[in-house]
Amino acid sequence: MNVLNPYVRQFLVGWITVLDSVPDIDMLGFLPDFLDGLFNMLSDSSHEIRQQADAALSEFLQEIKNSPNVDYGRMAEILVRRAGSPDEFTRLTSITWINEFVKLGGEQLVPYYADILGAILPCISDEEEKIRVVARETNEELRAIKADQAEGFDIGAILVIAKRELNSEHEATRIEALHWFSTLLVRGRAEFSAYLDGIFEPLLNALSDPSDAVVLLVLEVHARIAEEYHHFQHLMSYLIHTFHNNHVLLEKRGALIVRRLCVLLGAEKVYREFSTILQTEGDLDFASTMVQALNLILLTSTELAELRSLLKKSLVDTCGKDLFLSLYASWCHSPMATISLCLLAQAYNHASSVIQSLGEEDINVKFLVQLDKLIRLLETPVFAYLRLQLLEPGKHTWLLKTLYGLLMLLPQQSAAFKILRTRLKTVPFSENLKRTSSANPYSQILQVTEDGNRNQDAPNYSAIDFSSRLQQFGSMQQQHRNHLKNQLQSRKSASAAVLSQEIQRYEES
């Protein structure tokens with residue numbers, strides 16, 4: 001039907017319509033042979049030809065609905081190809097036919113599901129609303145059909161299409177592709193796992209998608225895959241690697257990704273694995289940044305409330321102790337994260353020891369920025385228990401010493417200094433404390449602490465070997481100091497080399 005003369009095309013369409021009306025002629029048997037031509041005429045330059053082709057196709061579709069014997073397969077191939085037509089009306093007609101075929105075709109269409117899906121997913125993001133509506137309906141119909149490999153259902157071919165559409169420029173299409181990953185995982189995990197090697201990396205790359213909705217769905221798919229521990233390890237390692245190479249992603253999406261993973265996989269499991277990986281991280285600057293990010297999420301996210309509750313029992317509960325020790329090994333990369341962890345665990349004696357161990361080179365701008373954040377967090381509901389403990393200063397002397405230690409590290413003109421000093425002014429010192437010293441509250445705390453008979457931490461302090469932890473913290477911080485010295489030395493050497501080259505050029509000139 002690809003004839004050039006419009007009158008001939010119109011004549012052919014008319015004859016097809018006439019023949020279809022003759023009772024003794026079964027035009028459905030010939031339909032696959034001239035269906036492509038009829039669809040080609042839907043975009044004809046002649047309005048009359050387009051109308052006649054549409055009318056003929058409508059009649060054929062009605063006959064297909066009423067006929068028990070139809071060759072859906074051959075026609076499905078034509079419809080799939082036409083669904084990508086640049087002509088809007090052709091796309092709408094083909095996607096409408098596909099919708100009807102999915103409802104009517106049954107087992108005949110099972111081998112063509114991948115091709116049909118490849119036609120549907122792009123149409124979900126079509127500019128024309130009618131096409132989007134029909135495409136979405138067809139997609140839901142297709143996903144609801146229960147077919148297995150014995151019937152010709154090719155899960156590998158479906159995954160190839162879904163993987164391809166992960167790179168679509170349209171968010172709606174990427175989202176539906178991810179829904180297919182979830183659907184196939186639920187239907188048959190064993191069959192899905194056979195193709196995992198080919199799709200795991202694209203799924204990991206999708207974590208950098210610009211859409212939050214897509215990222216959340218990607219995490220749900222990964223959470224299903226990560227039921228197997230080696231996939232879980234791979235996912236966690238990839239995230240660390242990605243955050244290392246893309247600090248912007250860590251800053252903008254880090255909290256969203258970590259919080260969602262904690263909900264899907266369990267906060268304790270996620271944090272333990274992150275900590276294990278970061279213990280051996282070679283880039284010390286990144287390790288410190290990552291630990292600070294994880295610590296902030298730990299202190300602020302509602303999803304991690306149970307993890308905080310477990311850490312509060314570190315001195316009296318075996319599970320809390322194990323979690324504290326697991327996190328401590330990597331939290332040592334950041335002094336402020338370490339102090340925050342000790343405050344959560346109510347290990348105030350050790351927090352004070354950490355503060356006392358800090359050297360001049362440790363207290364830099366980055367440290368003060370993190371300290372400012374911590375002071376502000378102390379005023380949030382997360383640390384309400386800590387503020388209430390200040391009502392009994394004699395019982396929580398190490399807490400007071402820790403807070404005063406932080407106060408002494410802050411510049412006096414900073415907002416954080418004023419916040420913490422105001423809070424400490426509200427501490428109700430008892431008469432016994434006041435008799436110790438009449439002037440300086442800090443000296444009062446020191447005096448009572450030295451007495452050693454009113455320290456809350458003492459009864460349970462032996463549960464954790466804090467002297468070894470302090471050595472661990474000191475060793476890690478020494479690595480950071482050496483790293484900083486090497487960086488400064490490298491910069492000096494580079495500056496000296498540049499200066500030497502400039503002098504040489506000057507002398508030569």
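Everything discussed here concerns the structure shown above.
Note on numbering: residues in each chain are counted from 1, in written sequence order. Residues qualify for local features only when their pLDDT is at least 70, as the model is predicted, and side-chain atom pairs are given and counted only at 80 or more; totals for whole chains, interfaces and linings, by contrast, use all residues. Think of the side-chain values as coming from all heavy atoms in the structure, minus any hydrogens and water.

**Q** Even after reading the chapter, I still don't get the packing of aromatic side chains, so can you show me in this structure?
**A** Pairing of aromatic side chains here covers Phe, Tyr and the six-membered ring of Trp, requires ring centres within 6.5 Å, and sorts the geometry by plane angle: under 30 degrees stacked, over 60 edge-to-face, intermediate tilted. Per the counting criterion, the structure on display carries nine aromatic pairs. Between the aromatic rings of Tyr271 and Trp331, the centroid separation amounts to 6.1 Å while the plane-to-plane angle is 45 degrees, which identifies the pairing as tilted. Residue Tyr271 is found in helix 15 (residues 267-279), and its partner Trp331 is found in helix 18 (residues 318-331); the two are separated by 60 residues along the sequence. Like Tyr271, the residue Trp331 is buried in the burial classification. Connected via pairs of aromatic rings, a cluster forms that spans Tyr72, Trp97 and Phe101. Of note, Lys269 hangs over the ring of Phe232, and the distance from its end group to the ring centre comes to 4.4 Å. In DSSP terms, a helix is any run of H or I states spanning at least four residues, a strand is any run of E spanning at least two, and both are numbered starting from the N terminus. Three exposure classes are used, based on accessible area relative to the maximum for each residue type with a 1.4 Å probe and protein chains only: buried under 20%, partly exposed in between, and exposed over 50%. Over a ring means this: the NZ of a Lys or the CZ of an Arg is within 6 Å of the ring centre and within 35 degrees of the ring normal.

**Q** Just to check I follow, could you spell out empty space enclosed by the protein for this structure?
**A** Once rolled over the atoms, a probe with the size of a water molecule shows which space is left empty. Here a cavity denotes grid points, spaced 1 Å and computed from the protein atoms alone, that fit a 1.4 Å probe unable to get out, and a pocket denotes an open set having protein on both sides within 12 Å along at least 5 of 7 lines; residues with an atom within 4 Å of a point are the lining. Grid points are joined across faces, edges and corners, and a volume is the space filled by probe spheres set on the points. Going through the model one piece at a time under the given rule, you end up with three cavities of 30 Å³ or more. Of the volumes computed, that of the largest cavity is approximately 70 Å³. Lining the largest cavity, in full, are Gln292, Asn295, Leu296, Leu299, Met336, Ser340, Gln370, Lys373, Leu374 and Leu377. When residues of the lining of the largest cavity are traced back to their parent elements, those giving at least two are helix 16 (284-300), helix 19 (335-345) and helix 21 (365-377). Counted as a void, the second largest cavity has a volume near 40 Å³. Lining the second largest cavity, in full, are Leu378, Glu379, Leu386, Arg387, Leu390, Leu403, Leu420 and Arg423. If you list the elements that add at least two residues to the lining of the second largest cavity, you get helix 22 (384-389) and helix 24 (415-425). Charged means Asp, Glu, Lys or Arg here, nonpolar means Ala, Val, Leu, Ile, Met, Phe, Trp, Tyr, Cys or Pro, and polar covers whatever is left, Gly included. A per-class count over the lining of the second largest cavity returns five nonpolar, no polar and three charged.

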